[in-house]
Amino acid sequence: QASGPEDRAATVPAFESGAEDKGGQNTLDACGIMPNYQVLDEVDRKSCIANLAAFMNAAWHIVEPGRPIVWNWHLDAICKHLEAIRDGVILNTLITVPPGTTKSRAAGVYWLAHTWITQPHLKFLYVGNSQSMAYDTSLECRRLLESDWYRFNFGIQWQLADDQNTKGKYLN
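Residues numbered from 1 in each chain as written. Predicted model: local features only at pLDDT ≥ 70, side-chain atom pairs only at ≥ 80, totals over all residues. Heavy atoms only, no water.

**Brief notes about helix α3 (residues 73-86)**
Item 1. Helix length check: α3, at 14 residues, gives a terminal C-alpha distance of 20 Å against a target of 20 Å (1.5 Å per residue), a fit within 8%.
Item 2. Of all the positions in α3, only His74, Leu75, Ile78, Cys79, Leu82, Glu83 and Ala84 are classed as buried.
Item 3. Among the residues trailing α3, Gly88 stands out with phi positive, at a value near 80°. (Helix = DSSP H or I, 4+ residues; strand = E, 2+ residues; numbered from the N terminus. Expected span 1.5 Å × (residues − 1). Buried < 20%, exposed > 50% of the residue type's maximum accessible area, 1.4 Å probe, protein only.)

**Quick word on the environment of Asp148**
Item 1. Here Asp148 shows up in helix α6 (residues 148-153).
Item 2. On a C-alpha basis, the gap between Asp148 and Gln38 in space is 9.5 Å, while along the polypeptide they are 110 residues apart.

**Re the nonpolar core**
Item 1. Among the nonpolar cores identified, the biggest contains 32 residues, and Phe55, Tyr110, Leu144, Leu145, Trp149, Tyr150 and Phe154 are the most heavily contacted of them.
Item 2. Those elements giving two or more residues to this core turn out to be α2 (52-63), α3, α4 (103-118), α5 (131-145) and α6.
Item 3. If you tally residues by element for this core, the top one is α2, at nine residues.
Item 4. Setting aside anything within four residues of it in sequence, one finds Tyr150 in contact with Phe55, Ala113, Trp116, Ile117, Leu144, Leu145, Ile156 and Trp158. (Core = buried A, V, L, I, M, F, W, Y, C linked by side-chain atoms within 4.5 Å. Contact = heavy atoms within 4.5 Å.)

**Digging into the packing of aromatic side chains**
Item 1. With the rule as written, the count across this model stands at nine aromatic pairs.
Item 2. Aromatic side chains Phe55 and Tyr150 sit 6.2 Å apart centroid to centroid with 75° between the ring planes, which places their arrangement in the edge-to-face category. Of this pair, Phe55 sits in helix α2 while Tyr150 sits in helix α6, and the two are 95 residues apart along the sequence. Here Phe55 and Tyr150 have matching classes, each one buried.
Item 3. Aromatic pair Trp111 and Phe124: ring centres 5.1 Å apart, planes at 90°, arrangement edge-to-face. Note that Trp111 is positioned in helix α4 and Phe124 in the loop between α4 and α5, a separation of 13 residues in sequence. (Phe/Tyr/Trp six-rings, centres within 6.5 Å; stacked < 30°, edge-to-face > 60°.)

**Looking at α2**
Item 1. For α2, built from twelve residues, the straight-helix expectation of 16 Å at 1.5 Å per residue is met to within 8% by its first-to-last C-alpha distance of 15 Å.
Item 2. Taken together, the buried positions of α2 are occupied by Leu52, Ala53, Phe55, Met56, Ala58, Ala59, Trp60, Ile62 and Val63.
Item 3. Its buried side turned inward, α2 meets α1 (42-50), α3, α4, α5 and α6.
Item 4. Capping of α2 at its N-terminal end is provided by Asn51; its side-chain oxygen lies 2.8 Å from the backbone amide nitrogen of Ala53. (Polar contact = N/O pair within 3.5 Å; in protein donor to acceptor, adjacent residues only side chain to side chain.)

**Considerations on the environment of Asp136**
Item 1. Assignment of secondary structure puts Asp136 in helix α5.
Item 2. Distance from Asp136 to Val109, taken between C-alpha atoms, is 9.8 Å for residues 27 residues apart in sequence.

**A look at the environment of Ala77**
Item 1. By the secondary structure assignment, Ala77 is in helix α3.
Item 2. Along the sequence, Ala77 and Ile95 sit 18 residues apart, while their C-alpha atoms lie 9.7 Å from each other.

**What about the confidence of the model for the chain?**
Item 1. Looking at the chain as a whole, the pLDDT averages 77, with 71% of positions reaching at least 70.
Item 2. When the criterion is pLDDT under 50, residues 1-26 qualifies, and its contacts beyond four places in sequence or with other chains add up to 55 contacts. (pLDDT = per-residue confidence, 0-100.)

**Describing unusual backbone geometry**
Item 1. If you check the backbone angles, Thr102 has positive phi at about 75° while not being a glycine.
Item 2. Relative to the elements of secondary structure, Thr102 occurs in the loop between α3 and α4.

**Some thoughts on the packing of α4 against α5**
Item 1. It is at 9 Å that the axes of α4 and α5 come closest, and there the two elements cross at 35°. Pair α4 / α5 crosses with right-handed handedness. Contact residues: Ser104, Arg105, Gly108, Val109, Tyr110, Leu112, Ala113 and Trp116 in α4; Met133, Thr137, Glu140, Cys141, Leu144 and Leu145 in α5.
Item 2. When the residues that make up the contact of α4 with α5 are grouped by side-chain class, the tally is nine nonpolar, three polar and two charged. (Axes fitted to C-alpha atoms, helices over the stretch in contact; angles between N-to-C directions. Left-handed = near helix turned anticlockwise from the far one by under 90°. Nonpolar A, V, L, I, M, F, W, Y, C, P; charged D, E, K, R; others polar.)

Shown next as structure tokens:
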């Protein structure tokens, strides 16, 4: 049980509830409520912060519930290039892979959410071959940013701005 409101979380034996983290323990929030999302252990959390590919694998279920991710080498390459752009190692890149190979999600959903864990001041612009595709990507990213899983596992304190939280534009 949580010992007080100052505790972010406390663990209880797995048999007391259905949701389990990888350690076989359930995690209560500060109010003593069992979350309805996967709680990452410290090793996985640190791996997700350090590595876009690990984050993308862990966060996939938020954007595509019930649909497993099919990982291939091109996603590793895309993730490494996006990390290099974020870190200022390269300034431009062009991703040329066939449609349906997760490039829009990698660049437009997971990269922004991953970057905002440690650098929420950075701004992103969505572009695509159609306005509807840009909106869809933006909505998927916003769904991830607002998810309990993302906010709890990475200790997110910022909120999306109320006056700029629309399908086409949102700010933190």
